[in-house]
Amino acid sequence: LGPNSHGRFNAVTVKSIHHMRAPAPSLLPGQTGAFVLRSRTKEHLKAFGVRKGMVLVEPSTNPIATRTFSCDVLVLHSQTTMKVNYQPILYARNVRQCVRIAHMDKEVLRTGVRARVTFDFMYRPEFIQPGTKVLFTEGKTKAIGTIRECIE
């Protein structure tokens, strides 16, 4: 279960799964459900800081939380010009967090411009994967993109 605020994943055991208020042996991709979790360590589950955006993954996949990533971006609509240090909100699957533009291959971004942009998460590392579609918004500004590389 993770990542926590430090970017680490914690070992947990799933005690039961419920789908639409009924017990279920498993969930299919795209289904939502409720899990009863138990910590495998002596640390209490509340100490993990369970929050929206956390993922439950198989330990053998070796999950890594990243703070910096590179993305191909297309600006759909922008009333302003975007430069380095611009801070939109990122939406990618279960992740919703403010990001900062750290580097761009263009001087400025305006409506209709495509660019390779490097972003930094502002508050905590997140579990994202290359190829994930993302949406960036800030006021009336909207941009879409695809994550190309997880840097850190």
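Details of the structure are given in the entry above.
Residues numbered from 1 in each chain as written. Predicted model: local features only at pLDDT ≥ 70, side-chain atom pairs only at ≥ 80, totals over all residues. Heavy atoms only, no water.

**A look at unusual backbone geometry**
Which entries qualify depends on this criterion: Per the convention used, a helix needs a DSSP run of H or I reaching at least four residues, while a strand needs a run of E reaching at least two, with both numbered from the N terminus. Burial classes follow relative accessibility: with a 1.4 Å probe on protein chains only, a residue under 20% of its type's maximum area counts as buried, one over 50% as exposed, and anything between as partly exposed.
Each neighbour pair has its own omega, and for G2 with P3 the value is -5°, a cis peptide bond. Here P3 shows up in the segment before β1 (12-19). Of note, M20 is a non-glycine position whose phi angle comes to about 55°, a positive value. With respect to the secondary-structure elements, M20 resides in the loop between β1 and β2 (22-23). Since its relative accessible area comes to 73%, M20 is described here as exposed. Here the phi dihedral of R21 falls at roughly 65°; this positive angle occurs in a residue that is not glycine. With respect to the helices and strands, the residue R21 is situated in the loop between β1 and β2.

**Considerations on the sheet that holds strand β8 (residues 133-138)**
We count it as follows: Here, strands pair whenever DSSP counts at least two bridges between them. Fitted lines through C-alpha atoms serve as axes, helices being fitted only where they are in contact, and the angles separating the N-to-C directions of these axes extend from 0 to 180 degrees.
Read around the barrel, 6 strands follow the order β4-β7-β6-β5-β8-β9 and close on themselves; strand pairing throughout is antiparallel. Each strand of the sheet is rotated relative to its neighbour by a mean of 45°, with strand direction disregarded.

**A word on the sheet that holds β2**
Strand order in this open sheet of 3 strands is β2-β1-β3, and the pairing throughout is antiparallel. Strands with a single pairing partner mark the edges of an open sheet, and in this sheet they are β2 and β3 (34-39). Relative to β2, β1 runs antiparallel, the two sharing 2 bridges. Within β2, the residue paired with H18 across the bridge is P23.

**Regarding the nonpolar core**
For clarity, the threshold we go by: What makes a nonpolar core is a set of buried Ala, Val, Leu, Ile, Met, Phe, Trp, Tyr and Cys residues whose side-chain atoms join them at distances within 4.5 Å. For this analysis, residues touch if any pair of their heavy atoms sits within 4.5 Å.
By size, the foremost hydrophobic cluster in this structure holds 22 residues, and its most contacted members are F69, V73, L90, V117, F119 and F136. Put simply, the parts of the chain that give this core at least two residues each are β4 (68-77), β5 (89-92), β6 (95-104), β7 (114-121), β8 and β9 (141-150). Once residues lying within four places of it in the same chain are set aside, the contact partners of V73 are V113, R114, A115, V117, F119, F136, A143, I144 and G145.

**A look at a nonpolar patch on the surface**
The condition is simple: Nonpolar side chains (Val, Leu, Ile, Met, Phe, Trp, Tyr) are joined into patches within 5 Å and like charges within 9 Å, using only residues with over 30% relative accessible area and no salt bridge. Residue-level accessible areas treat just the shown protein chains as cover; the underlying method is Shrake-Rupley with a 1.4 Å probe. The salt bridge criterion pairs a side-chain nitrogen of Lys or Arg with a carboxyl oxygen of Asp or Glu, the two atoms within 4 Å.
Among the surface-exposed residues, L76, I89, Y91, L135 and I144 lie close enough to one another that they form a single nonpolar patch of about 370 Å² accessible area. Examined against the element boundaries, I144 turns out to sit in strand β9.

**Here's the deal with the pattern of salt bridges**
The final tally for this structure, using the stated rule, is 5 salt bridges. Across the pair R148 and D72 runs a salt bridge whose closest N-O atoms are separated by 2.8 Å. With a gap of 76 residues between them, R148 in strand β9 and D72 in strand β4 connect regions that are remote in the sequence. Classification of R148 by relative accessible area gives partly exposed; the value is 41%. When the shortest N-O distance is used, the salt bridge between R124 and E126 registers 3.7 Å. In this structure E126 comes out as buried when scored by relative accessible area, which is 1%. Counted as one network, the salt bridges with shared partners bring together R51, R124 and E126.

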